[in-house]
Amino acid sequence: MARVLRYLSQAVLYAAFVAAIGYLSTSPTYVHLPPDEALIKLSFSHAAARKEACHERTPEELAKLAPNMRAQTVCPRERVPVTVEVVLDGEPLFRVVAPPSGMAKDGASTVYRRVAVPSGTHRIAARLSDMPDGTFDHRAETTVALPPGHVLVIDFDAGKGGFLFRS
Amino acid sequence: MATALTLTPFPLAPSAASSVRRAMQRALQRVEGEFDFAFGPRANPWRHLGALSFFLFWIVAVTGVYVYAAFDTSVAGAYASVEEISRSAWPVSGLARSLHRYASDAFIVVVLLHLGREWVNGHARSFRWFSWLSGVPLLWLVYASGIGGYWLVWDNQAQFSLIATAEWLDWLPLFGDPLVRNFIAGGSVSDRFFSLLIFLHIGIPLVLLLGMWVHIQRISQPRTNPPRALALGSFASLIVLALVKPATSGASADLSLVPGALDLDWFYLTLNALLYATSGGVLWAICGGTTLLLALLPWLPRAPRAPVARVDLANCNGCGRCFADCPYAAVTLEARTDGKPMPRQAVVHPDLCAACGICAGACPSSTPFRSAGELVSGIDMPQRPMRALRAELEGKIAALRGRVRLVVFGCQCDCAADAAALAAPDTAVVSLLCSAMLPPSFVEYALRSGADGVLITGCRDGDCQYRLGNRWTEERLAGAREPHLRALVPRERVRVAWAGPTDTEPLAAEHERFRRALDSLPPLALTGWRVPKRTEALHG
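No experiment lies behind these values; they were computed from the predicted model shown. (Residues numbered from 1 in each chain as written. Chains lettered and ligands numbered in written order. Predicted model: local features only at pLDDT ≥ 70, side-chain atom pairs only at ≥ 80, totals over all residues.)

Draft legend 1. Up close: the environment of Pro226(B). Residues and elements named next belong to chain B. Mapped onto the elements of the fold, Pro226 is located in the loop between α7 (191-215) and α8 (228-244). Given 24 C-beta atoms within a 10 Å radius, Pro226 is considered buried. Taking the C-alpha atoms as reference, Pro226 lies 8.6 Å from Phe54; in sequence the two are 172 residues apart. With residues up to four places along the chain from it excluded, the contact list for Pro226 reads His48, Ala51, Leu52, Phe55 and Ala231. (Helix = DSSP H or I, 4+ residues; strand = E, 2+ residues; numbered from the N terminus. Buried ≥ 20, exposed ≤ 12 C-beta atoms within 10 Å, placed from the backbone. Contact = placed C-beta atoms within 7 Å.)

Here you go:
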């Protein structure tokens with residue numbers, strides 16, 4: 001009788017262990033995105049303009065340099081940050097100031113943001129500034145229909161005309 | 001001329017454990033006691049969590065090889081191949097896939113239980129720091145091994161987890177271009193990416209296996225296989241789970257969609273969900289802080305080190321018994337340095353020494369029957385030398401009163417019942433650093449010195465604070481291990497009763513039963529066992 005009880009106890013304990021494994025391997029359900037929402041992702045990599053334009057060294061400046069360092073033209077490498085703003089149905093959605101990458105701050109600025117928005121039809125306006133004077137010389141607007149669970153990617157590629165809206 | 005014996009003050013039991021840890025230890029002892037009933041002490045899964053981890057690793061590895069053979073390492077083919085594995089050629093392939101998943105889940109559960117139990121039992125500190133510290137990175141290797149497996153399925157759960165992990169890693173200033181941009185839109189994931197995932201999913205577990213080997217380096221005779229019954233039971237129960245609830249995939253990954261509701265595997269993907277409930281920085285703070293805390297535990301605060309074992313070369317013949325019995329490989333045999341004709345001598349490595357005294361119990365020169373003026377053992381514990389042990393034993397036996405006179409040898413560690421509670425006018429209690437510190441000759445010496453019976457107690461069977469104390473004691477008493485209790489010692493007068501801190505009452509009951517059993521036996525003096533004259537000789 002004691003042996004039967006022991007084996008039954010083992011069975012119960014094994015069953016409890018694997019039941020917990022089986023349950024937690026799929027439950028409880030995790031709701032990553034509510035059923036009435038969609039996702040907008042702002043993501044691009046873009047190299048902004050140089051912070052300073054190239055300029056010629058004066059004779060006095062050249063005289064101060066070692067003979068092997070006397071380059072006539074100086075072009076500073078540092079770039080300005082990229083500023084991007086996205087407006088959804090007239091309300092601000094993103095405003096990102098992305099610094100240039102690299103130790104010399106001469107690389108591309110990269111942006112990745114995501115936000116959940118109500119599904120449906122939306123008017124989206126985006127503008128980007130990549131110049132030292134801060135002017136937003138890249139703009140785009142579009143109307144998109146976002147079904148629930150869908151992703152709209154706002155990309156930027158200067159070589160392809162600027163903002164790209166992909167869904 | 002009799003020399004005055006200097007009894008080294010017997011140190012108190014280590015009291016570094018916090019009250020919280022002690023309370024948890026008591027609770028765990030009660031739970032383990034219930035499991036003792038079901039599984040028996042020697043197959044109790046709580047005492048084989050490390051071995052179970054190894055066992056589950058091998059199940060995952062073998063089933064993983066099987067599943068990999070049918071896996072298509074391409075974007076277009078990965079999901080379909082896993083579906084094929086699950087649904088066709090059932091039950092073998094589907095069983096392998098399900099076993100692979102559930103054994104992985106069980107693996108991380110057992111590893112975390114192992115970590116928790118070791119901490120609760122105070123095994124994170126002192127000489128055990130290496131085992132503890134080497135286990136910390138293994139947690140992350142287990143996590144990385146498991147999560148990579150989920151990515152390979154390339155269903156919506158994999159998509160969710162990959163993107164979440166990429167976003168989490170992107171919080172660190174490590175990558176010039178955010179990793180997550182690789183998963184922005186459909187078509188951005190390539191076949192080469194799956195080749196990389198396979199490389200990681202095979203390579204990281206191999207590193208994990210290497211880490212597991214390092215983890216057990218400072219332990220002699222490590223248990224990497226659970227008892228057969230436990231292994232079969234665990235394996236069978238996982239198979240039943242795999243048959244009752246086969247592992248399935250979610251919908252195929254689609255980067256143009258966001259998974260809404262997911263049947264999440266909370267064992268490996270909880271951190272992904274936590275990312276979206278908090279933020280990348282918060283999650284790094286939680287994970288980094290927890291990892292740092294775990295890594296620093298051995299020194300928070302630093303545990304006082306007990307005096308380590310010392311070798312007396314004049315009494316050491318290099319027999320190797322201390323080397324064989326040391327649970328932590330702290331004793332090695334090296335070339336002789338004192339010019340004696342024996343080839344080897346024992347050498348204690350202080351950093352590895354647990355100060356358990358098991359080596360002293362194994363030493364053949366630790367016999368109280370030696371008639372030399374001062375009993376000096378070849379290897380001994382400064383805080384509890386054999387000469388002091390003998391003197392205490394003699395004194396306490398001489399003070400016993402009653403019809404039946406008992407000696408109880410108990411161990412003082414956290415995992416053992418308090419043997420001092422058994423002290424009575426007819427019961428002498430002698431505390432040891434570990435039950436296996438007791439040379440078997442002391443049992444015979446006690447009986448010859450006036451005790452009617454000897455009760456040996458210590459941590460619960462299989463739960464020795466120093467891993468092997470129960471086993472060595474039983475083997476020595478059974479004559480299966482040197483030094484052994486001589487066959488002429490009447491076994492009905494020697495009893496072993498393992499008891500944990502919550503087993504005070506059962507131990508007391510066993511003590512009473514033993515007393516009554518001894519009362520029914522003829523007195524030792526009448527059976528030809530003479531009380532020796534050694535005590536009179538010692539005191540002149």
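Draft legend 2. Representation of helix α1 (residues 2-24) of chain A in the model. Its 23 residues give α1(A) an end-to-end C-alpha distance of 33 Å, which sits within 8% of 33 Å, the value for a rise of 1.5 Å per residue. Turning to α1(A), its buried residues number three or more, namely Gln10(A), Tyr14(A), Val18(A), Ile21(A) and Gly22(A). Looking at the buried residues of α1(A), the elements they touch are α1 (19-39), α4 (92-120) and α8 of chain B. (Expected span 1.5 Å × (residues − 1).)

Draft legend 3. Region of the structure containing the domain arrangement of chain B. All names here are of chain B. Annotation of chain B at the domain level lists domain 1 (19-296) and domain 2 (310-538). Using only C-alpha atoms to locate each centre, domain 1 and domain 2 end up separated by 44 Å. Contact residues are listed per partner, giving 15 residues for domain 1 and 17 residues for domain 2. Looking at the side of domain 1 that touches domain 2 residue by residue, the classes come out as three nonpolar, seven polar and five charged. (Domains from an automatic or database assignment. Nonpolar A, V, L, I, M, F, W, Y, C, P; charged D, E, K, R; others polar.)

Draft legend 4. Up close: the sheet that holds strand β6 (residues 91-98) of chain A. All names here are of chain A. Strand order across the open sheet formed by four strands is β6-β5-β8-β9, with antiparallel pairing between neighbours. Two strands lie at the open edges of the sheet, namely β6 and β9 (138-146), each paired on one side alone. The average undirected angle you get between the axes of adjacent strands in this sheet is 15°. As judged from the nine bridges shared by strand β8 (residues 120-129) and β9, these two strands associate in the antiparallel manner. The residue of β9 that forms the bridge with Arg123 is Thr143. (Pairing = 2+ DSSP bridges. Axes fitted to C-alpha atoms, helices over the stretch in contact; angles between N-to-C directions.)

Draft legend 5. Region of the structure containing the domain arrangement of chain A. Domain annotation of chain A identifies domain 1 (1-30) and domain 2 (33-49 + 80-166). Relative to domain 2 of chain A, the C-alpha centre of domain 1 of chain A lies at a distance of 51 Å.

Draft legend 6. Structural view of the packing of helix α2 (residues 49-69) of chain B against α4(B). All names here are of chain B. Running from N to C, α2 and α4 cross one another at 160°; their axes reach a closest spacing of 8 Å. Relative to α4, α2 is oriented roughly antiparallel. Regarding α2 and α4, the two cross each other, and that crossing is left-handed. (Parallel < 35°, antiparallel > 145°, perpendicular 65-115°, else oblique. Left-handed = near helix turned anticlockwise from the far one by under 90°.)

Draft legend 7. Just the sheet that holds strand β11 (residues 162-166) of chain A, in detail. All names here are of chain A. Taken together, four strands build an open sheet; the order of strands is β7-β2-β10-β11 and the sheet is mixed. The open sheet is flanked by β7 (109-118) and β11, the only strands paired with a single partner. If you compare each strand with its neighbour and ignore which way they point, the axes differ by 15° on average. Judged from the five bridges that link them, strand β10 (residues 151-157) and β11 form a sheet pairing that is antiparallel. The residue bridging Asp155 from the neighbouring strand is Leu164, located in β11.

Draft legend 8. Looking closely at the interface of chain B and chain A. In this complex, chain B contributes 37 residues to the contact, which on the side of chain A involves 33 residues. Elements supplying a minimum of two residues to the side of chain B that touches chain A: α1, α4, α6 (156-170), α8 and β1 (261-262) of chain B. Tallied by class, residues from the side of chain B that touches chain A come to 24 nonpolar, five polar and eight charged. As paired strands, strand β1 (residues 30-31) of chain A and β1(B) are joined by two bridges and run antiparallel to one another. Looking across to β1(B), one finds that Val31(A) is bridged to Ala261(B).

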